[in-house]
Amino acid sequence: QNPDDLTKYSEEFRQDADKVSAMATKLEAQVVDLETRTDLQEFITTNKTLGVKYDAALEAFVQAKGLNAQAVEKMVKGQDRHATDLVDKIVADLVNNTTVLAAAQERHLSSQLWIVSILLLAAFFGTAAASTITIRRMTDTLSRAAASLSEEANQIASAASQVSASSQSLAQGSSEQAASLEE
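Residues numbered from 1 in each chain as written. Predicted model: local features only at pLDDT ≥ 70, side-chain atom pairs only at ≥ 80, totals over all residues. Heavy atoms only, no water.

Asks: Give a description of the pattern of salt bridges that names residues and reports values.
Replies: In this structure the tally under the stated criterion is 4 salt bridges. Here Glu-35 and Lys-89 are joined by a salt bridge, their closest N and O atoms 2.6 Å apart. Residue Glu-35 is found in helix α2 (residues 34-63), and its partner Lys-89 is found in helix α4 (residues 81-182); the two are separated by 54 residues along the sequence. By relative accessible area, Glu-35 is classed as partly exposed at 46%. Assessed through its relative accessible area of 31%, Lys-89 is described here as partly exposed. Lys-89 is paired through a salt bridge with Asp-39; the nearest N and O atoms lie 2.8 Å apart. With Lys-89 in helix α4 and Asp-39 in helix α2, this pair connects stretches of sequence that are 50 residues apart. By sharing partners, the salt bridges in this structure join Glu-35, Asp-39, Lys-89 and Asp-93 into a single network. (Salt bridge = Lys/Arg side-chain N within 4 Å of Asp/Glu carboxyl O. Helix = DSSP H or I, 4+ residues; strand = E, 2+ residues; numbered from the N terminus. Buried < 20%, exposed > 50% of the residue type's maximum accessible area, 1.4 Å probe, protein only.)

Asks: An account of a negative patch on the surface is requested, with residue identities and associated values reported.
Replies: On the surface, Glu-11, Glu-12, Asp-16 and Asp-18 cluster together into a patch of negative charge. Structurally, Glu-12 is set in helix α1 (residues 3-30). (Patch = residues over 30% accessible without salt bridge, like charges linked within 9 Å, V, L, I, M, F, W, Y side chains within 5 Å. Areas by Shrake-Rupley, 256 points an atom, 1.4 Å probe, with all protein chains shown as cover. Lys, Arg positive; Asp, Glu negative; His and termini not counted. Charge placed at Lys NZ, Arg CZ, Asp CG, Glu CD.)

Asks: So, the packing of α2 against α4: which residues are in play, and what are the values?
Replies: Where α2 contacts α4, the axes come no closer than 9 Å and their chain directions differ by 155°. Regarding the angle of α2 to α4, the classification is roughly antiparallel. Regarding α2 and α4, the two cross each other, and that crossing is left-handed. Of the residues in α4, those touching α2 at Glu-35, Thr-36, Asp-39, Leu-40, Glu-42, Phe-43, Thr-46 and Leu-50 are His-82, Ala-83, Leu-86, Val-87, Lys-89, Ile-90, Asp-93, Leu-94 and Asn-97. Its residues assigned to classes, the contact of α2 with α4 shows 8 nonpolar, 4 polar and 5 charged. (Axes fitted to C-alpha atoms, helices over the stretch in contact; angles between N-to-C directions. Parallel < 35°, antiparallel > 145°, perpendicular 65-115°, else oblique. Left-handed = near helix turned anticlockwise from the far one by under 90°. Contact = heavy atoms within 4.5 Å. Nonpolar A, V, L, I, M, F, W, Y, C, P; charged D, E, K, R; others polar.)

Asks: If you had to explain unusual backbone geometry to someone new, which residues and values would you point to?
Replies: Notably, Lys-65 is not glycine yet its phi reads approximately 55°, a positive angle. Examined against the element boundaries, Lys-65 turns out to sit in the loop between α2 and α3 (69-76).

Asks: Tell me about the nonpolar core, residues and numbers included.
Replies: Within the largest apolar cluster, 9 residues are counted, these being Ala-24, Val-31, Leu-40, Phe-43, Ile-44, Leu-50, Ala-83, Leu-86 and Ile-90. Those elements that place two or more of their residues in this core are α2 and α4. Ranked by residue count, the leading element in this core is α2, at 4 residues. When neighbours within four sequence positions are excluded, Val-31 is seen to be in contact with Thr-36, Arg-37, Leu-40 and Leu-94. (Core = buried A, V, L, I, M, F, W, Y, C linked by side-chain atoms within 4.5 Å.)

Asks: If you had to explain the packing of α1 against α2 to someone new, which residues and values would you point to?
Replies: Where α1 meets α2, the closest approach of the two axes is 9 Å, and the angle between their N-to-C directions is 170°. Between α1 and α2, the crossing angle belongs to the class labelled roughly antiparallel. Taken together, the residues of α2 that come into contact with α1 (itself represented by Leu-6, Ser-10, Phe-13, Arg-14, Ala-17, Val-20, Ser-21, Ala-24, Thr-25, Leu-27, Glu-28 and Ala-29) are Arg-37, Leu-40, Gln-41, Phe-43, Ile-44, Asn-47, Tyr-54, Asp-55, Leu-58 and Val-62. Here the contact of α1 with α2 is built from residues that sort into 13 nonpolar, 5 polar and 4 charged.

Asks: So what about the side chain of Asp-39? Which residues, and what values?
Replies: Taking relative accessible area as the criterion, Asp-39 reaches 8% and is therefore assigned buried. Not counting residues up to four positions away in its chain, the partners in contact with Asp-39 are Leu-86, Lys-89, Ile-90 and Asp-93.

What follows is the structure, encoded as structure tokens:
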């Protein structure tokens, strides 16, 4: 009954309709699936047509000063059914597309995980092989050095034994010489 309320709610209704159109257009630009994009284009067209029908019904309502509510209701009743069905189909398509994309990403991530695991395992075995080779080389080098040191120690021991024998012989000779001088 209040003209200010009618203006307020009519303006809010138009703003909401504009928001819906803007969101549908933005979503259409982002969607890659051809079927979903076609459904969105049809929704945008249907929504514009619906807006024209609602505006005409509102105009008839205002002209009759609100006395033709049943006639205005008949003008718009069921008109939004196709748009609503399209929204339901679009949502179902988007959910399906998202599910398919998520499954594809999961498979890709799984294969990447396998590749990284195999590479890490290969790196581990490579490091183990390199370590084994290095340790064997070091062991061989140390074994040769130990054998060489052992041989040299034996030679030194033999020389020391000879020096000891010579020293004993010399000492004995000196003792005999000293004894003979004493005599």
